[in-house]
Amino acid sequence: HPDHATALTNLAWARLKGYIDNDLQDIDATISLFREALALHPERHPDHLLSLYNLTEALNWRHNKKNTAVDIREAAQLYHELLTMCPGGTCLRSIASGENGVDYVIGGCNNLPIDASDEGIHLRRVVLELCPLGHQLRSRALHWLAQAVEARFQQCGSIDDIDEAIQFRREAVFLCPEGHSDCDVYLNNLALSLVFRFNHQGKPYDLDEAISLHEKALRLRPVGHKSRDFSLDNLGGAFIARFNKRGGVDDITRAISLYREALTLRTPGHPRRDTTLGNLAFALKTRYDKLDVSEDYNEAIDLYRESLRLKRHDHPQRHVTLLNLSSVLCSRFTQTQEKENVEEAITLCQESLAALSSLHPDRYFSYMRLQMAYLSRYEILHDPADLSLAIENFRLSSRHPTQGFPDRIIQASNWVVKVERHGHGSVLEAYSTFFELLDAHLATRSSTTSRREAATAFRGAQSLSVDAASCATRSGNLRQAVELAEQGRGQQWSLASRLRTSVEDLESANPTLAHNYLELSKLVSDAAQSSATITDRAAAERAAT
C-alpha cells in the first residue's frame, strides 16, 4: 500500500513518545518499525533522509536510557550518510545538526573506550567527518582518533600510525590556541606522541619539540593547577631521554629537580605517588650510570623499594618498577660484588616476565635486564652457564616482535660486542640478527632522506659488515663471510642509489646542468658500447685463429 511506510512511521513515533515519557518500556519494537519504514524508502526515495533521521532518533533515545554502545555507533554511521546527502539550509539539516542530533552522537562516541581495531578506528574517522572545520567538537574528535591510531601503533609498531596520530594532534593544538581551556591537554598529548615516535625511530628533533611543548604545557599549569604534577613528570621524562641521547648534564639535573617538585605535590596517600617515586629513582640511577654520583644509587634503591611497596600486585606498571629496581641492584653488585644483589636482580626480572603476556612490548625490557644481570655475574664469577643465559636473553630481546626496531637493533649491536669480547659461538648469529633488523627498520621509512638518517643513527653500522665478514673468515665460514659482506654492502648501495635526482627534476631546477649531464651520459654510453664492440671483435678473431 502506498501509505504503508507513513503508517509505520506514525506508529513508531507514537511508541517512541511513550518511551521518552516513560509510559512504554519496549523500544526494540519501535526501532524495528523505523527500520521497516526506512527499507520502504530506499536511497532515491524523497523520504529516505527523513526515515534515516527517524531511525537515528530512536537509536539515540535507547542509547540515552540504556547506554548501548552499538546504538551510538550505528547512529554515527547513519548521521554520516544523512548529512552527506542532506542539502545545507534545509529544515531537516538544521534539526539533525543540532545539540540533540549529531552533537549528541559525537559526544556519545567520544565517551566510548579506545578501540584500536580497524572497525574502531573507522568509527573515529566517521566521527571526525561529522565535525567539519569550525565545529566546536572537532578538536575532541581529533584527540580520540589520535588516541585510537596511537594505540594501534603501540600494538603493531607501524610508523604510519604514529605519524598520522601526530598529524591529528597538531591540528588539535592549532584549534586550541593559548587561552583555550584544553590547550595544555593537547600540548601535552602532542608532546607524548612525539616521544613515542622518538623511542621508535630515534629522531632527535622529535625530542626537542616534545620538550618545548611540555614546557609550554607546564607554563599553562602554574603552582596550584590540578594537573601540574603530570606536566612535571612528563617533562622530566623527556629531559632524561635527551640526556641519554646527548649526555647534557643540565638535562638530567633539570629532570631530577622536576621529579622532586612533583613528589612534593604527590604526598603520602596520593594515588600516583608510586609513579613519581619510581621516576625520581630512575633519574638518579641514570645520573649515577653516566656521571658516577655515588650517593645517587642508594637513594634510588630506597625510592624504588618504597614505590614497589605502594604498587598492588595487579598494578599494570608494577613490572616497570621491578625491572628498574633490578637494574640498580645489578649496578650495586658490579660495585660491591655482593652476590645477593645480583640474585635479587635476577629474581625481580623473572617476576616481571611472569606478569607480562607473551607479546607484551615490555617483555623486551625484561629480557634485556636479565641479560645484563647474567652478564654482570659472568664477568665477575666466570660461570659459563651465566654467559649462555645472557646470550639467550640477547636473542629473545633482539627478536621480540612487538618492540620497536631501534631498541632491538641496539640490543643486537650490544650482542655483537659482548660475544666478540667473550668469544661466544653465537657471534655470527648476532651479526645476522643486526643486519636483518636494520633492513626491516629501513623498510619502514618512506623517503630516501629518512632511510639514510635511520641507517646513520646506529654508530658503527657502516663498518659492521666488514667486521662480520672478518669474523666469519676467522671462524672458517667463508660462505657466510661473503653473504654478510654482501648484505652490508647491499644496504649501503641501496641507500646511495636512491639519492639520484631524476633528470626531469634537475632540468626544472637547472636546465644547463641537465643538458651537460645528458651529453656526458651519452658520451659514456657510446664509449662503453664502442669498447664492448672492440672486445667482441677481438674475441671473435682469437676464436678464428
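Look up: the structure comes first, before these words.
Bear in mind that the values here come from a model prediction, so they are computed numbers and not experimental data. (Residues numbered from 1 in each chain as written. Predicted model: local features only at pLDDT ≥ 70, side-chain atom pairs only at ≥ 80, totals over all residues. Heavy atoms only, no water.)

> Quick question: what am I supposed to make of the overall build of the chain here?
Of regular secondary structure, the chain possesses 26 helices and 0 strands. Considering the chain as a whole, with its 545 residues, one finds that 46% of them fall into the buried category. Across the chain, contacts joining residues at least 24 apart in sequence account for 58% of those joining residues at least 6 apart. (Helix = DSSP H or I, 4+ residues; strand = E, 2+ residues; numbered from the N terminus. Buried < 20%, exposed > 50% of the residue type's maximum accessible area, 1.4 Å probe, protein only. Contact = heavy atoms within 4.5 Å.)

> Help me understand the packing of aromatic side chains in this model?
Evaluation of the coordinates by the stated rule reveals 5 aromatic pairs. Summarising the aromatic geometry, the rings of Trp-13 and Phe-34 are spaced 5.8 Å apart at their centres and angled 80 degrees between planes, so their arrangement reads as edge-to-face. In this pair, Trp-13 is assigned in helix H1 (residues 4-20) and Phe-34 in helix H2 (residues 28-39), connecting sequence segments 21 residues apart. For Phe-34, a relative accessible area of 2% translates into the label buried. On the basis of an interplanar angle of 80 degrees and a centroid distance of 5.7 Å, the ring pair of Phe-434 and Phe-435 is categorised as edge-to-face. Assigned by exposure class, Phe-434 and Phe-435 land together as buried. The ring centre of Tyr-19 lies 4.6 Å from the NZ or CZ of Lys-65, which sits over that ring. When the ring centre of Phe-230 is taken as reference, the NZ or CZ atom of Arg-266 above it lies at 5.0 Å. (Phe/Tyr/Trp six-rings, centres within 6.5 Å; stacked < 30°, edge-to-face > 60°. Lys NZ or Arg CZ within 6 Å of the ring centre and 35° of its normal.)

> Whenever I open this one, the nonpolar core confuses me. Can you help?
Nonpolar side chains in soluble globular proteins tend to end up buried together. In terms of nonpolar packing, the biggest core is built from 66 residues, with Tyr-79, Leu-82 and Cys-109 touching the most fellow members. Of all the elements, helix H10 (residues 183-201) adds the most residues to this core, at 8 residues. Residues within four places of Cys-109 in sequence aside, it is in contact with Ile-72, Ala-76, Leu-123, Arg-124 and Val-127. With 34 residues, the next largest nonpolar core counts Phe-333, Leu-353, Ala-430 and Leu-437 among its residues. (Core = buried A, V, L, I, M, F, W, Y, C linked by side-chain atoms within 4.5 Å.)

> Sorry if this is basic, but what is going on with unusual backbone geometry here?
Most peptide bonds take the trans configuration, and most residues that are not glycine carry a negative phi. A positive phi angle, near 65 degrees, is found at Asn-22, a position not held by glycine. Here Asn-22 lies in the loop between H1 and H2. A relative accessible area of 53% means that Asn-22 is categorised as exposed. One non-glycine residue with positive phi stands out, namely Gln-337, at about 60 degrees. With respect to the helices and strands, the residue Gln-337 is situated in the loop between helix H16 (318-336) and helix H17 (339-354).

> Explain H17 to me, please; I cannot follow it from the model alone.
Each turn of an α-helix holds 3.6 residues, which means side chains three or four residues apart point in the same direction. Between its first and last C-alpha atoms H17 spans 23 Å; for 16 residues at 1.5 Å apiece the expected length is 22 Å, and the two agree. By the burial criterion, the buried members of H17 are Asn-341, Val-342, Ala-345, Ile-346, Leu-348, Cys-349, Ser-352 and Leu-353. Down the axis of H17, the buried side of the element spans an arc of 160 degrees, and every buried residue falls inside it. Contacts made by the buried residues of H17 are with H16 and helix H18 (363-381). (Expected span 1.5 Å × (residues − 1). Arc of directions from axis to C-beta.)

> I'm lost on helix H19 (residues 384-398) in this one. Help?
Under the 1.5 Å per step criterion, the end-to-end length of H19 is 21 Å for 15 residues, consistent within 8% with the ideal 21 Å. Of the surrounding secondary structure, the elements contacted by the buried residues of H19 are H18, helix H20 (405-422) and helix H21 (427-443). Capping the start of H19, Asp-383 holds a side-chain oxygen 3.0 Å from the backbone nitrogen of Ala-385, two or three residues further along. (Polar contact = N/O pair within 3.5 Å; in protein donor to acceptor, adjacent residues only side chain to side chain.)

> I'm lost on the packing of helix H4 (residues 69-85) against helix H7 (residues 118-129) in this one. Help?
The description of two helices packed together rests on the angle between their axes and the distance between the axes. Direction vectors running N to C along H4 and H7 enclose 45 degrees, while the axes themselves pass 10 Å from each other. The angle between the axes of H4 and H7 places the two elements in the oblique class. The interaxial crossing formed by H4 with H7 has left-handed handedness. In this structure, H4 uses Arg-73, Ala-76, Gln-77 and His-80 to contact H7, whose residues at the interface are His-122, Leu-123, Val-126 and Glu-129. (Axes fitted to C-alpha atoms, helices over the stretch in contact; angles between N-to-C directions. Parallel < 35°, antiparallel > 145°, perpendicular 65-115°, else oblique. Left-handed = near helix turned anticlockwise from the far one by under 90°.)

> I keep staring at the environment of Phe-230 and nothing clicks. Help me out?
With respect to the helices and strands, Phe-230 occurs in helix H12 (residues 228-246). Spatially, the C-alpha atoms of Phe-230 and Asn-188 are 9.2 Å apart, while their sequence positions differ by 42 residues. If near-sequence neighbours (up to four positions away) are discounted, Phe-230 is found in contact with Arg-221, Arg-266 and Arg-272.

> Please explain the pattern of salt bridges as it appears in this structure.
When charged atoms on two side chains of opposite charge get close, those side chains can pair. What the rule picks out here adds up to 33 salt bridges. Where Glu-164 meets Arg-125, a salt bridge forms, and the shortest distance between an N and an O atom there is 2.8 Å. Of this pair, Glu-164 sits in helix H9 (residues 159-175) while Arg-125 sits in helix H7, and the two are 39 residues apart along the sequence. Residue classification places Arg-125 among the partly exposed positions, given a relative accessible area of 28%. Two residues, Asp-233 and Arg-266, come together in a salt bridge whose shortest N-O distance is 2.9 Å. (Salt bridge = Lys/Arg side-chain N within 4 Å of Asp/Glu carboxyl O.)

> Explain the state of the cysteines to me, please; I cannot follow it from the model alone.
Linking two cysteines covalently through their sulfur atoms gives a disulfide. This structure, assessed with the given rule, holds 0 disulfides. Distance from the sulfur of Cys-91, which forms no disulfide, to the nearest cysteine sulfur (Cys-86) is 9.4 Å. The class of Cys-91 is exposed, set by a relative accessible area of 56%. In this structure Cys-330 is not part of a disulfide, and its nearest cysteine sulfur, from Cys-349, lies 7.9 Å away. Classification of Cys-330 as buried rests on a relative accessible area of 9%. (Disulfide = S-S within 2.5 Å.)

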